[in-house]
Amino acid sequence: MNMGIQVKFLLPSLLLFIFPFDALNAQPVKKVEIQTVIADSTLNVRSIEVVRGIDQGCVFVTSDGNFGALYNSETGEIREGYAINYPIPVSEHFTDLNFRSLALTTSDGFAITIGNPALLFNLDRTASELVYREDHEDVFYDSIEFWNENEGLAIGDPTDACMSIIITRDGGESWKKLNCSNLPVAIEGEAAFAASDTNIAIIGDHTWVATGGKASRILYSPDKGKNWEVFNTPIIQGEETTGIYSIDFYDDKIGYAIGGDYTKPGVNTANKIRTMDGGRKWELVPGGPGYRSCVQYVPESDGKELVAVGFEGIDYSNDGGLNWIHLSDEGFYTIRFAGKRKAYAAGKGKVAILRFK
């Protein structure tokens, strides 16, 4: 939904990287410091991933077909003052590429375009290999993730009677689309949002896929995409712009999803849901922020701390998402943590480092 030749990244190491809650065990964040490291009015980034190795940096893809990095792939050092290797053409053989999804293994990166045709690339600094192509008037892929070095999936809007799911079991060399006979039947108007590359959550072999639009549900697989079932949610839905925009799990039980209606960003009713049973049952969370495009658990927080971002700002919770503190009005589309108090965020015109204090 709208809202090459195999080569390596040349990076030394890439890793894919209620309840009640005892809030006293989580030192609350009181502010966020924002260090903008790329400011470019033409930039539009909805997918960013943390690189872990000698030091932590990040890589990202853009809506105009480029790959960027806050990381020196030659020395293994992060340079926070400016971007290394940006912009980098994904391929000289394709034009007008719009990337919203990016996933990393230890040696490769994979990005898929939105729209028709869907083009999935194994990326590199100087070239790329097209590893999957799908042509259909309704094709639109929204998110991509890996379970491990060899197995991964991408999800997209329906082109048939079910959500589109493609899977690799050979490290991304080949991808196969699941038949609808192996997936829950989609509801008319059900799709997904390519807003922050967080429609998929993975914990071990468990996988949750969030849908949105006229129906907003959770597709769940306990076995890395071999079998699927579907769970209903109480989040706002029924219109093309409503539903879950982002989902995250802290472990195989505790999860959170956020969204709403991006055309009504101030509305904060029925736009946040939480689960404590692995996604089978979800309950609405009242109050808090309005529409947000990305939510992520803070690492090493026992599932207590979350951060949500959207084009209307940054919000933080230290009680499992029950209550929220608005930290900043500065807008971002997506965020990934590189430690308990450090994250990378990206959006329209910028990539930044966030430090939570």
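Note that the structure is a prediction, hence the values are computed from the model and not measured.

Cut-off values and rules
Residues numbered from 1 in each chain as written. Predicted model: local features only at pLDDT ≥ 70, side-chain atom pairs only at ≥ 80, totals over all residues. Heavy atoms only, no water. Disulfide = S-S within 2.5 Å. Helix = DSSP H or I, 4+ residues; strand = E, 2+ residues; numbered from the N terminus. Buried < 20%, exposed > 50% of the residue type's maximum accessible area, 1.4 Å probe, protein only. Pairing = 2+ DSSP bridges. Core = buried A, V, L, I, M, F, W, Y, C linked by side-chain atoms within 4.5 Å. Phe/Tyr/Trp six-rings, centres within 6.5 Å; stacked < 30°, edge-to-face > 60°. Lys NZ or Arg CZ within 6 Å of the ring centre and 35° of its normal.

Another aspect to go through is the state of the cysteines. Within the structure shown, the criterion is met by one disulfide. Disulfide partner of C162: C180, at an S-S distance of 2.1 Å. An S-S torsion of about -80 degrees defines the bridge between C162 and C180 as left-handed. Placement of C162 in the loop between β11 (152–156) and β12 (164–168) and of C180 in the loop between β13 (176–177) and β14 (190–191) is noted, with a sequence separation of 18 residues between them. The residues C162 and C180 share a single accessibility class, namely buried.

Of all six residues making up strand β6 (residues 99–104), six are buried, and the element is well covered by its neighbours. Strand direction decides the pairing type here: β6 and strand β7 (residues 109–113), joined by five bridges, are antiparallel. Counterpart to L102 in the pairing with β7 is A111. Counted between consecutive antiparallel strands, the loop separating β6 from β7 contains four residues.

The next point concerns the nonpolar core. Counting residues in hydrophobic clusters, the biggest one holds 17 residues, and the most contacted among them are V307, I314, I335, L354 and F356. Within the residue set of this core, elements represented by two or more residues are β25 (306–310), β26 (313–317), β28 (334–337) and β29 (342–356). At five residues, the largest contribution of residues to this core is made by β29. Formed by 15 residues, the second largest nonpolar core is a distinct cluster that contains C162, C180, L183 and V209.

In the structure shown here, the tally under the stated rule is 15 aromatic pairs. A ring pair is formed by F99 and F121, whose centres lie 6.0 Å apart and whose planes are at 75 degrees; its orientation type is edge-to-face. You can see F99 sitting in strand β6 and its partner F121 sitting in strand β8 (residues 118–123), a full 22 residues away along the chain. A single burial state applies to F99 and to F121, both of which are buried. Ring plane angle 5 degrees and centroid distance 3.8 Å describe the contact between F193 and Y245, whose orientation is recorded as stacked. Of this pair, F193 sits in the loop between β14 and β15 (200–203) while Y245 sits in strand β20 (residues 242–249), placing them 52 residues apart in sequence. Each member of the pair, F193 together with Y245, is buried. One aromatic cluster is present, formed by F193, Y245, Y262, Y291 and F311 through successive ring pairs. Positioned above the aromatic ring of Y333, the side-chain terminus of R46 is 3.8 Å from the ring centre.

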